[in-house]
Amino acid sequence: MNIPGKEYPFFHDMIIRWFQGTLTTRELITHLEEELEPEPYEAGFTDPVSLFETALENHQSDYFFEWQDYKQYARDTAPTVSGLVHQLEELLAGRQPLNEFMEWATWHNMDGGETTGGVFENTNIEYFCLIFLPLHYQQLDTAFYEKAGSIIARSNDITYGAFVIALHLLLEKEYKSLYYFLTDYIEGHKTDAELNQYLEKKFNHKLPAFRYNIHTFPYLNELHAARENKNSTAAFMQLMTL
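All of these numbers come straight from a predicted model, not from anything done at the bench.

## A few points about the overall build of the chain
Here is step 1 of the chain: The helix and strand inventory of the chain stands at 13 helices and zero strands.
Here is step 2 of the chain: Order of helices (α) and strands (β) in the chain, N terminus to C terminus: α-α-α-α-α-α-α-α-α-α-α-α-α.
Here is step 3 of the chain: Within the chain, buried positions represent 47% of all 242 residues.
Here is step 4 of the chain: When contacts within the chain are restricted to residue pairs at least 6 apart in sequence, long-range pairs at least 24 apart make up 63% of them.

Spelled out as structure tokens, the structure:
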């Protein structure tokens with residue numbers, strides 16, 4: 001790594017950009033190969049961080065141990081909103097394959113899916129990466145990623161309760177489930193206790209940051225009004241669409 005003007009801090013910042021998402025795996029690999037000339041990248045066998053760490057260990061061992069400590073405890077090694085949006089844009093443009101997007105988005109799950117303790121920019125994108133993607137990735141298509149990108153871009157201004165509902169409304173199976181249950185509720189066949197039970201079963205997770213129940217659901221007053229006024233379920237569903 002004895003490249004003039006491109007010592008450890010240069011590469012450190014580049015890897016952080018990958019963690020945060022403003023560089024995709026392909027973009028990062030291109031930069032690293034230009035500077036480090038490592039073994040050719042093979043998708044599925046080599047990840048960009050390992051390329052960086054191997055070169056660092058071989059050429060600057062002191063920095064390698066410094067990096068290992070930093071990576072373990074840093075608060076800037078998780079996706080940001082702008083980073084996640086960039087990754088989705090590259091995916092939709094065909095410049096990033098789905099498997100590389102998934103590997104990047106869910107790498108924090110390597111510890112068994114434990115929460116990152118708030119190092120993500122907000123709870124919404126932490127939920128999206130840690131929980132939603134691993135649970136629903138097989139149902140996700142281009143139309144989903146196009147619509148989800150807009151919601152994610154505004155995620156700092158959306159409550160967790162509304163964000164969770166909005167994502168699930170983009171999935172046909174989940175939309176129908178909500179529609180049928182809420183129709184029964186609006187028609188007076190379900191109680192608040194049953195609504196709470198439904199929300200917990202559908203959306204609650206054991207990690208404290210991702211608990212979900214009737215108190216998390218942000219549309220309860222509007223739902224009560226819909227039942228009182230005998231409004232259509234479709235109109236209420238539209239209210240929850242972000």
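## As for the layout of surface pockets
Here is step 1 of the chain: Space inside the second largest pocket adds up to approximately 170 Å³.
Here is step 2 of the chain: Every residue lining the second largest pocket is listed: D141, A143, F144, K147, S150, I151, R154, A166, L169, L170, T241 and L242.
Here is step 3 of the chain: The set of elements that each furnish at least two residues to the lining of the second largest pocket consists of α8 (142-153) and α9 (160-169).
Here is step 4 of the chain: The leading source of residues in the lining of the second largest pocket is α8, at five residues.
Here is step 5 of the chain: Looking at the lining of the second largest pocket residue by residue, the class counts come to seven nonpolar, two polar and three charged.

## Description of the pattern of salt bridges
Here is step 1 of the chain: One pass over the structure, following the stated rule, counts four salt bridges.
Here is step 2 of the chain: A salt bridge links K176 to E172; the shortest N-O distance between them is 3.2 Å. Pair noted here: K176 and E172 are both in helix α10 (residues 172-186), with a separation of four residues, about one helical turn.
Here is step 3 of the chain: A salt bridge links K202 to E174; the nearest nitrogen and oxygen atoms lie 2.7 Å apart.

## Digging into the environment of L199
Here is step 1 of the chain: Within the secondary structure, L199 sits in helix α11 (residues 192-203).
Here is step 2 of the chain: By relative accessible area, L199 is classed as buried at 1%.
Here is step 3 of the chain: Beyond its immediate stretch of four places on either side in the chain, L199 contacts N204, Y212, N213, I214 and F217.

## Thoughts on the nonpolar core
Here is step 1 of the chain: Ranked by size, the top nonpolar core spans 75 residues in total, and within it F101, F128 and F217 carry the most contacts.
Here is step 2 of the chain: What F128 contacts, discounting residues up to four positions off in sequence, is L84, F101, L133, P134, F144, I152, F163 and L167.

## Let's talk about helix α7 (residues 123-136)
Here is step 1 of the chain: With 14 residues, α7 ought to run about 20 Å at 1.5 Å a step, and its terminal C-alpha atoms sit 18 Å apart, in line with that.
Here is step 2 of the chain: Of all the bends in α7, the largest measures some 35° and sits at C129.
Here is step 3 of the chain: Of all 14 residues in α7, 11 are buried, a share of seventy percent or more.
Here is step 4 of the chain: Among the residues of α7, those classed as buried are N124, I125, E126, Y127, F128, C129, L130, I131, F132, L133 and H136.
Here is step 5 of the chain: Put simply, N122 is the residue that caps the front of α7, since its side-chain oxygen is 3.0 Å from the backbone nitrogen of N124.

## Here we look at the packing of aromatic side chains
Here is step 1 of the chain: All told, the structure shown has 23 aromatic pairs when counted by the stated rule.
Here is step 2 of the chain: The interplanar angle of 70° and the centroid separation of 5.4 Å between the aromatic rings of F64 and F65 together place this pair among those described as edge-to-face.
Here is step 3 of the chain: On the basis of relative accessibility, which here comes to 11%, the residue F64 falls in the buried class.
Here is step 4 of the chain: Arranged with centres 6.1 Å apart and planes meeting at 40°, the rings of Y160 and F210 form a pair that is tilted. Taken together, the residues Y160 in helix α9 and F210 in the loop between α11 and α12 (220-229) connect sequence positions 50 residues apart. Each member of the pair, Y160 as well as F210, carries the same accessibility label: buried.

## Side note on the side chain of E174
Here is step 1 of the chain: By the secondary structure assignment, E174 is in helix α10.
Here is step 2 of the chain: Relative accessible area serves as the criterion here: at 8%, E174 is assigned to the buried category.
Here is step 3 of the chain: A distance of 2.7 Å separates a polar atom in the side chain of E174 from a polar atom in the side chain of K202.
Here is step 4 of the chain: Those residues in contact with E174 that lie beyond four places of it in its chain are H136, H168 and K202.

## As for the environment of N122
Here is step 1 of the chain: Along the chain, N122 turns up in the loop between α6 (98-105) and α7.
Here is step 2 of the chain: Look at N122 and you get buried, because its relative accessible area is 11%.
Here is step 3 of the chain: Sequence spacing of N122 and N156 is 34 residues, and the spatial spacing of their C-alpha atoms is 6.5 Å.
Here is step 4 of the chain: With residues near it in sequence (within four places) discarded, N122 still touches V81, S155 and N156.

The rules behind the values
Residues numbered from 1 in each chain as written. Predicted model: local features only at pLDDT ≥ 70, side-chain atom pairs only at ≥ 80, totals over all residues. Heavy atoms only, no water. Helix = DSSP H or I, 4+ residues; strand = E, 2+ residues; numbered from the N terminus. Buried < 20%, exposed > 50% of the residue type's maximum accessible area, 1.4 Å probe, protein only. Contact = heavy atoms within 4.5 Å. 1 Å grid on protein atoms, 1.4 Å probe; cavity = no way out; pocket = protein on both sides within 12 Å on 5 of 7 lines; lining within 4 Å. Points joined across faces, edges and corners; volume = space filled by probe spheres on them. Nonpolar A, V, L, I, M, F, W, Y, C, P; charged D, E, K, R; others polar. Salt bridge = Lys/Arg side-chain N within 4 Å of Asp/Glu carboxyl O. Core = buried A, V, L, I, M, F, W, Y, C linked by side-chain atoms within 4.5 Å. Expected span 1.5 Å × (residues − 1). Bend = angle between axes of the 7 residues up to and from the residue. Polar contact = N/O pair within 3.5 Å; in protein donor to acceptor, adjacent residues only side chain to side chain. Phe/Tyr/Trp six-rings, centres within 6.5 Å; stacked < 30°, edge-to-face > 60°.

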